[in-house]
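# Understanding the architecture of this molecule
Here is how the chains run, residue by residue.
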Amino acid sequence: MDIAKRYDKNPILRPSDLKPGIEGMEITCLLNPGVFRMNGKTWLLLRVAERPKQIEGKISFPVYNKDGHIKVMSFDKDDPQLDASDPRIIQYKGQDYLTTLSYLRLVSGDDDLHFHEDHDYSPIFGQGPLESFGIEDCRVATMKDGFFLTYTMVSPVAVGVGLIVTQDFKAYDRKGMIFPPHNKDCAIFEEKINGKYYALHRPSSPELGGNYIWLAESFDRIHWGNHKCIATTRDNSWDSVRVGAGAAPIKTNEGWLEIYHGADADHRYCLGALLLDLKDPSKVLARSVDPIMEPIAGYEKTGFFGNVVFTNGHYVEGDVITLFYGASDEVICKAELSVKEILNSLK
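Our subject in this report is the structure included herewith. Everything numeric here is computed off the predicted structure, so don't read it as measured data.

Next up on the list: the nonpolar core. Among soluble globular proteins, nonpolar side chains are generally buried collectively. In this structure, Leu 257, Ile 259, Ile 292, Met 293, Tyr 325, Leu 337 and Ile 342 are the most contacted members of the largest nonpolar core, which totals 24 residues. Elements with a contribution of two residues or more to this core: β20 (255–263), β21 (269–276), β24 (320–327), β25 (331–338) and α2 (339–345). Residues in contact with Ile 259, not counting those within four places in the same chain, are Ala 245, Gly 246, Ala 247, Leu 271, Gly 272, Ile 292, Thr 311, Ile 321, Leu 323, Leu 337 and Ile 342. With 20 residues, the next largest nonpolar core counts Leu 13, Leu 101, Phe 115 and Ile 332 among its residues.

This part covers unusual backbone geometry. In this structure, Pro 11 follows Asn 10 across a cis peptide bond, with omega equal to -5°. Looking at where Pro 11 falls in the secondary structure, it is placed in the loop between β1 (5–6) and β2 (25–38). With omega at -15°, the peptide bond leading from Pro 181 into His 182 counts as cis. As for its placement among the helices and strands, His 182 is situated in the loop between β13 (172–179) and β14 (183–188). In this structure, Asp 185 takes a positive phi of about 55° despite not being glycine. With respect to the helices, strands and loops of the structure, Asp 185 is situated in strand β14.

This next bit is on the sheet that holds strand β7 (residues 89–92). Adjacent strands of a sheet pair through backbone hydrogen bonds, lying either parallel or antiparallel. Reading across from one edge, β6-β7-β8 is the order of the three strands in this open sheet, with antiparallel pairing throughout. Lying at the two open borders of the sheet, with one neighbouring strand each, are β6 (82–83) and β8 (95–98).

This paragraph deals with the sheet that holds β25. Spatially, four strands are ordered β1-β25-β24-β23 in an open sheet, and the strand pairing comes out antiparallel. Lying at the two open borders of the sheet, with one neighbouring strand each, are β1 and β23 (309–317). In this sheet, β24 lies alongside β23 in antiparallel orientation, the contact comprising seven bridges. Paired with His 314 across the strands is Leu 323, a residue of β24.

In the structure shown here, the tally under the stated rule is 18 aromatic pairs. Their ring planes at 5° and their centres at 4.1 Å tell us that Phe 36 and Phe 169 sit as a pair that is stacked. Of this pair, Phe 36 sits in strand β2 while Phe 169 sits in the loop between β12 (159–166) and β13, and the two are 133 residues apart along the sequence. Using a relative accessible area of 2% as the deciding quantity, one classes Phe 36 as buried. On the basis of an interplanar angle of 55° and a centroid distance of 6.1 Å, the ring pair of Phe 75 and Tyr 97 is categorised as tilted. Of this pair, Phe 75 sits in strand β5 (residues 70–76) while Tyr 97 sits in strand β8; the two residues are 22 residues apart in sequence, bridging distant segments of the chain. By the ring-pair criterion, three or more aromatic residues cluster together here, those being Phe 36, Trp 43, Tyr 121, Phe 147, Phe 169 and Tyr 172. The ring centre of Phe 305 lies 3.8 Å from the NZ or CZ of Arg 88, which sits over that ring. Here Lys 334 stacks its cationic end above the ring of Tyr 7, 6.0 Å away from the centre of that ring.

Here the focus is the environment of Asp 185. Residue Asp 185 is classed as buried on the basis of its relative accessible area, which comes to 4%. Along the chain, Asp 185 and Asp 173 lie twelve residues apart, while their C-alpha atoms are 20 Å from each other. In this structure Asp 185 touches Arg 139, Leu 200, His 201, Arg 202, Gly 244, Ala 245, His 261 and Phe 310, once residues within four positions along its chain are discounted. Within the local environment of Asp 185, its side chain forms a polar contact with the side chain of Arg 139, the two groups lying 3.3 Å apart. Here the side chain of Asp 185 touches His 261 through a polar contact of 3.4 Å, side chain to side chain.

The subject of this paragraph is the environment of Glu 117. Relative to the helices and strands, Glu 117 resides in the loop between β9 (101–109) and β10 (134–143). Its relative accessible area of 24% is what places Glu 117 among the partly exposed residues. Counting along the chain gives 73 residues from Glu 117 to Leu 44, while the straight-line C-alpha distance between them is 10.0 Å. With near-sequence residues (within four places) excluded, Glu 117 lies in contact with Leu 18, Arg 105, Leu 106 and Val 107. Side-chain polar atoms of Glu 117 contact the side chain of Arg 105, separated by 2.7 Å.

Further remarks concern the pattern of salt bridges. For the structure on display, the rule yields 21 salt bridges. With its nearest N and O atoms 2.8 Å apart, the salt bridge here joins Glu 300 to Arg 6. Of this pair, Glu 300 sits in helix α1 (residues 298–301) while Arg 6 sits in strand β1, placing them 294 residues apart in sequence. Judged by its relative accessible area of 0%, Glu 300 falls in the buried class. For Asp 137, the salt bridge goes to Arg 47, with nearest N and O atoms at 3.2 Å. Residue Asp 137 is located in strand β10, and its partner Arg 47 is located in strand β3 (residues 41–52); the two are separated by 90 residues in the primary sequence. Like Arg 47, Asp 137 is buried. Salt bridges sharing common partners tie together Asp 2, Arg 6 and Glu 300.

Definitions and limits used
- Residues numbered from 1 in each chain as written.
- Predicted model: local features only at pLDDT ≥ 70, side-chain atom pairs only at ≥ 80, totals over all residues.
- Heavy atoms only, no water.
- Core = buried A, V, L, I, M, F, W, Y, C linked by side-chain atoms within 4.5 Å.
- Buried < 20%, exposed > 50% of the residue type's maximum accessible area, 1.4 Å probe, protein only.
- Helix = DSSP H or I, 4+ residues; strand = E, 2+ residues; numbered from the N terminus.
- Contact = heavy atoms within 4.5 Å.
- Pairing = 2+ DSSP bridges.
- Phe/Tyr/Trp six-rings, centres within 6.5 Å; stacked < 30°, edge-to-face > 60°.
- Lys NZ or Arg CZ within 6 Å of the ring centre and 35° of its normal.
- Polar contact = N/O pair within 3.5 Å; in protein donor to acceptor, adjacent residues only side chain to side chain.
- Salt bridge = Lys/Arg side-chain N within 4 Å of Asp/Glu carboxyl O.

This is the structure we're talking about:
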């Protein structure tokens, strides 16, 4: 049951539409933008993944070294100690590496279709040892006292959630890791509930439990506690292997509406919805049985990593959710969803 209305000229952004931001690299993928409105425009905070141009018989990829400079590592493809079966991650001598280095980059547009860069707004790169493999998949919570950016910090030792606060996307206050490893997919509610801040997050427990959606509370948006698991994977379903939050939940008369992603054993990513109680968001009132959006278009089925629709950014006007999403881990697309139609699908 796919109820998304896709833009008929998707994709709206491809890797070839931007110039590489790292000297000597090429853009491999554009992924999963955070979305916000500012100065009368729509802004996308893109995840841009870059790597060196590949040489026949070699696999080369960038990492930050101890001095914070980008270093290119290269291995022979036929090295028996190399496992390159996954286009996203390789393993060499028991150590995992990402095939690309991701950072965040701003584009804006007046019509939600044509986006361009303003060079007054600089990219956001990883900093320090906990971001030495880059930063990924930023969600933007627009609040009265600023924009709160939650993103994935990636390094050889950990995947955790970082927080950056900004008023204007020119000066950044980096708060560090707010959810420790292994954790990602963090979306902060854009208003307080009963005097507290809330966030959805996704800790992973490979040996006991799984990749589930949790809820946490905070008084300052830095220190989080009272964690509760609110959504688990479901056997023999489209979300049987992992689930994770999308963007900030949408406040409706019937509850907080959260568009989330789910994946099955074949790594096919779809979108569904959760409805949470307005006064106690740890209470799940309803959940999609079938996806509300799934990879059915050609650009969603085939790409760097096919059969993927993944969102962590939208804005809402009345009944219309304008959704920006990554397709096949390579291109950026646009779709619209109806709040009323999603709520009706949950009944």
